[in-house]
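Chain and residue survey
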Amino acid sequence: QTKATLYSLIDELKSQYGMNANIAHRIDQETSGLVLCSTNKTCEREIKMMFQERDMKKKYFAMVHGDFKEEIVVEAPLLRFQVESALVRMVVKVDERGKASKTSFKPLEYFPDKDMTLVECSPYTGRQHQIRVHLFHVKHPIIGDPIYGVDVRVADDYLNGKLSVKDRIKFTGASRLTLHANSVE
């Protein structure tokens, strides 16, 4: 769901550090937490190269549906689809024709009253929506995810800007994605 942003992080960076300042990597729009920024093109290239060479290690926290019992590593190839005419435009799916993708998941705490688990997520690769799709793949979608782990009509309503906050909470468990970029090393 794309919304016009009047003033964003990139605007503030350029205001503070000049036109060569930039965001050095991406996180999903609703993901909270750390974002690495650079003040010049040289640093930006070096940071992007570290991600490309897998010299950067990232960890995320996610709150997921259900009792996530054991630490696991998911190696499931991801394929990006761009199907505008379909009922729902699922951006990424597990598919054997996709790019190699690997994420480790470690359950930290289960909350039985909510049937939710706090999970530490460590992606080894950096594919679009990787953590979200891998968690959906192992039947523990992220709380608040309006695309992966919901009925296609709910996802379609979200992508078309028609899903109310009340309905999002009803169908996903939260008003926003409960995924947090916790550390970068």
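Summarised in this report is the structure supplied together with it. (Residues numbered from 1 in each chain as written. Predicted model: local features only at pLDDT ≥ 70, side-chain atom pairs only at ≥ 80, totals over all residues. Heavy atoms only, no water.)

1. Quick look at unusual backbone geometry
Quick reminder of the rule: Strands here mean DSSP runs of E at least two residues long; helices mean DSSP runs of H or I at least four residues long; both are numbered from the N terminus. Exposed residues in this analysis have more than 50% of their type's maximum accessible area, buried residues have under 20%, and partly exposed residues fall in between, with area computed by a 1.4 Å probe over protein chains only.
Despite not being glycine, His 129 has its phi angle at roughly 60°, a positive value. For His 129, the position within the fold is in the loop between strand E9 (116–123) and helix H3 (130–137). Look at His 129 and you get buried, because its relative accessible area is 11%. You will see that Lys 139, though not glycine, has its phi angle at about 65°, which is positive. Secondary-structure assignment places Lys 139 in the loop between H3 and helix H4 (152–159).

2. Overview of H3
The buried fraction of H3 is high, at six of eight residues. Of all the residues in H3, the buried ones are Gln 130, Ile 131, Arg 132, Val 133, His 134 and Leu 135. Phi turns positive one or two residues past the end of H3, at Lys 139, with a value near 65°.

3. Let's talk about the pattern of salt bridges
Our working rule: Here, a salt bridge means any Lys or Arg side-chain nitrogen found within 4 Å of an Asp or Glu carboxyl oxygen.
Using the criterion set out here, one finds eight salt bridges in the structure. Ionic pairing is found between Asp 67 and Lys 69, a salt bridge with its closest N-O pair at 2.8 Å. What you see here is one network of salt bridges that share partners, running through Asp 28, Arg 132 and Asp 145.

4. A closer look at the sheet that holds E9
The pairing of strands in a sheet happens through backbone hydrogen bonds and is either parallel or antiparallel. As a reminder, the rule being used: By this definition, two strands are paired if DSSP reports at least two bridges between them. The contact definition used throughout considers only heavy atoms, calling two residues in contact when any of these lie within 4.5 Å. Structural elements are reduced to axes, namely lines fitted to C-alpha atoms, with helices fitted over the stretch in contact, and the angle between N-to-C directions of any two is expressed from 0 to 180 degrees.
Read across the sheet, six strands follow the order E2-E10-E4-E9-E8-E5 without closing on themselves; strand pairing throughout is mixed. The outermost strands of the open sheet, each flanked by one partner alone, are strand E2 (32–33) and strand E5 (72–75). As judged from the four bridges shared by E5 and strand E8 (residues 102–111), these two strands associate in the antiparallel manner. Bridged to Val 74 within E8 is Thr 103. Of the strands in this sheet, strand E4 (58–65), E5, E8, E9 and strand E10 (179–184) are in contact with H3, which crosses E8 at around 65°.

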